[in-house]
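# Structural characterization, general
Listed here are the chains, written in short residue letters.
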Amino acid sequence: MEEPGFSGLLIVVAVGFGAPFLLGLLPRLRLPSVVFEIVAGIIIGPSVLGWVEVDETISVLALMGLAILLFLAGLEIDFGRLRGRLLGLALVGWGLSFAIALLVSLLLKAGGLVETPLLVAIILCATSLGVIIPVLKDVGELTSKFGQLMLAAASIADFGAVILLSFFFSGEGGPGSTAVLLAVFVGLLAVTFLVVRGAERSRKVGDDLLRLQDSSAQIRVRAAMLLMVAFVALAEALGLEVILGAFAAGALLALLDQDRRMTHANFRTKLEAIGFGLFIPVFFVASGVRFDLSALLDKPSNLAMVPIFLVALLAVRGTPAITYRGFVGRRRATIAGVLQATSLPFIVAATAIGQELGLMGSAEASALVAAGLLSVLIFPITGLNMLRRTMQEEGATPPEQARPEAAPQMAM
């Protein structure tokens, strides 16, 4: 790792700025900027041009970016929707998805393509909630029955993958001791929830928050960052994965951030500004810089793993959507399967953990990340086009067709 400095960070931040800016100049190119950020990171990194290596400065900011990314993912969970039939369908679908993932991973292991089938199964059964939300917003389906099912399924997939990764690949005493540590972690989450709920009942506390929320104190933002860092540090102290602490802190804040008196209209926008303004782009560009392109291109068999993993993603997350047919119909169930096969941030995080633990080779990790990149390129656009055609046949007009000039960009 290079000595810390700002020259490498300057290039990384410039790429983080340039990716969405260039996409904004090309509104017809409906692609997530994260894809450009990772690809640009590969180009400027040791694999191609060699302009940047991940030094200590970039590493720290990238780690914060990963934490904030998972924190915001947890914040996206709408617990009000996770109930009744929606919750049942989401749980059944994800359970079936994990079973298929285990079978697929064992087959990949038998073919000599993966080293740790359980880790790969967990990676394959995740979904990018941050990509699905903009797709549903594009066509005005976010609050529909179909949209609510998709959000519930993606939330369960994100949460389940993080929990399983922490359960099986954290701690030093095996799953038994990890279960105890997870129970302690959940208990402290519950205590924090009760303490904050109690503080909310104090009018004095509420008035203080209102007075300081838009001052230089930015008290709500500081409180959110304190919550995130506290649970990341707690997870680390317990020997659990850092991503569990960040994700759980975001989910906890989603539960707490429901009282209108306690909630500021721009609170979540401010949190997103911190994350997507600096830290998250650095994480994705740095992931590209770390990407081992030479390992992927070293053998044709390594490169062949990319389409295999892409098909595996579609099989693992797409097949369980058949359970949605009775709720949203056959065509929308097919669309749901395509959309929820989209995954990238969790793949990037989990493959990095796998490499650190010596459970995954560089070529395997690079192939999984490349498959994730392709999933973000292919599946959201395919699902969006399928959904538009379905809505047209049903007599509904997608919002962006009514206003052609509107071309919102997908964001992670």
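All residue numbers refer to position in the chain's written sequence, counted from 1. Selection of residues for local features in this predicted model requires a pLDDT of at least 70, selection of side-chain atom pairs for listing and counting requires 80 or more, and totals for whole chains, interfaces and linings are taken over all residues. With hydrogens and water set aside, each side-chain value is computed from the structure's full complement of heavy atoms.

### Comments concerning the overall build of the protein chain
- The secondary structure content of the protein chain amounts to 19 helices and zero strands.
- Put simply, the radius of gyration uses C-alpha atoms, and a globule should come to 2.2 Å times the residue count raised to 0.38. Taken against the 2.2 N^0.38 rule, which gives 22 Å for 412 residues, the C-alpha radius of gyration of the protein chain at 21 Å falls within 12% of a compact globule.
- In terms of its C-alpha atoms, the protein chain occupies a principal-axis envelope of roughly 65 × 60 × 50 Å.
- Looking at the protein chain residue by residue over its 412 residues, the buried ones come to 53%.
- Counted over contacts in the protein chain with a minimum sequence separation of 6, partners at least 24 positions apart contribute 80%.
- Methods summary: accessible areas were calculated by the Shrake-Rupley approach with a probe of 1.4 Å, and residue burial reflects only the protein chains presented. Summed over all atoms, the accessible surface of the protein chain reaches about 17,900 Å², with 65% contributed by carbon and sulfur.
- His is not counted here, nor are the chain ends, while Lys and Arg score as positive and Asp and Glu score as negative. Just so you know, the charge point we use is NZ for Lys, CZ for Arg, CG for Asp and CD for Glu. Computing the positive centroid from 29 side-chain charges and the negative centroid from 30, the protein chain places the two 13 Å apart. By the criteria applied, helices consist of DSSP H or I runs no shorter than four residues and strands consist of E runs no shorter than two, each listed in order from the N terminus. Buried means the residue's accessible area, taken with a 1.4 Å probe over protein chains only, is under 20% of the maximum for its type, while exposed means over 50%, and partly exposed covers the values in between. The criterion used for residue contact is that any of the two residues' heavy atoms lie within 4.5 Å.

### Notes on helix 3 (residues 56-75)
- A helix is expected to span 1.5 Å for every residue after the first. In this model helix 3 runs 28 Å from its N-terminal to its C-terminal C-alpha over 20 residues, within 8% of the 28 Å that 1.5 Å per residue would give.
- The buried fraction of helix 3 is high, at 15 of 20 residues.
- Nitrogen and oxygen atoms within 3.5 Å of one another constitute a polar contact, given that in protein one can donate a hydrogen and the other can accept it, and given that sequence-neighbouring residues count only through two side-chain atoms. The backbone nitrogen of T57 lies 3.2 Å from a side-chain oxygen of the residue at the head of helix 3, namely D55.

### Remarks on the side chain of S105
- Looking at where S105 falls in the secondary structure, it is placed in helix 4 (residues 84-110).
- Setting aside anything within four residues of it in sequence, one finds S105 in contact with V114, P117, V120, A121 and L124.

### Overview of the layout of surface pockets
- In this analysis, the protein atoms alone were mapped onto a 1 Å grid. Cavities are point sets where a 1.4 Å probe fits without being able to get out; pockets are open sets with protein on both sides within 12 Å along at least five of seven lines; lining residues have an atom within 4 Å of a point. Grid points are joined across faces, edges and corners, and a volume is the space filled by probe spheres set on the points. The calculated volume of the largest pocket comes to roughly 1,000 Å³.
- Taken together, 37 residues line the largest pocket, and the ones lying closest to its centre are L63, L66, A352, I353 and E356.
- Looking at the lining of the largest pocket, the elements that each hand over two or more residues are helix 3, helix 10 (219-237), helix 11 (242-256), helix 12 (267-290), helix 17 (345-356) and helix 18 (362-393).
- With seven residues, the top contributor of residues to the lining of the largest pocket is helix 17.
- Here the term charged refers only to Asp, Glu, Lys and Arg, the term nonpolar to Ala, Val, Leu, Ile, Met, Phe, Trp, Tyr, Cys and Pro, and the term polar to all other amino acids, Gly among them. Tallied by class, the residues present in the lining of the largest pocket amount to 23 nonpolar, nine polar and five charged.

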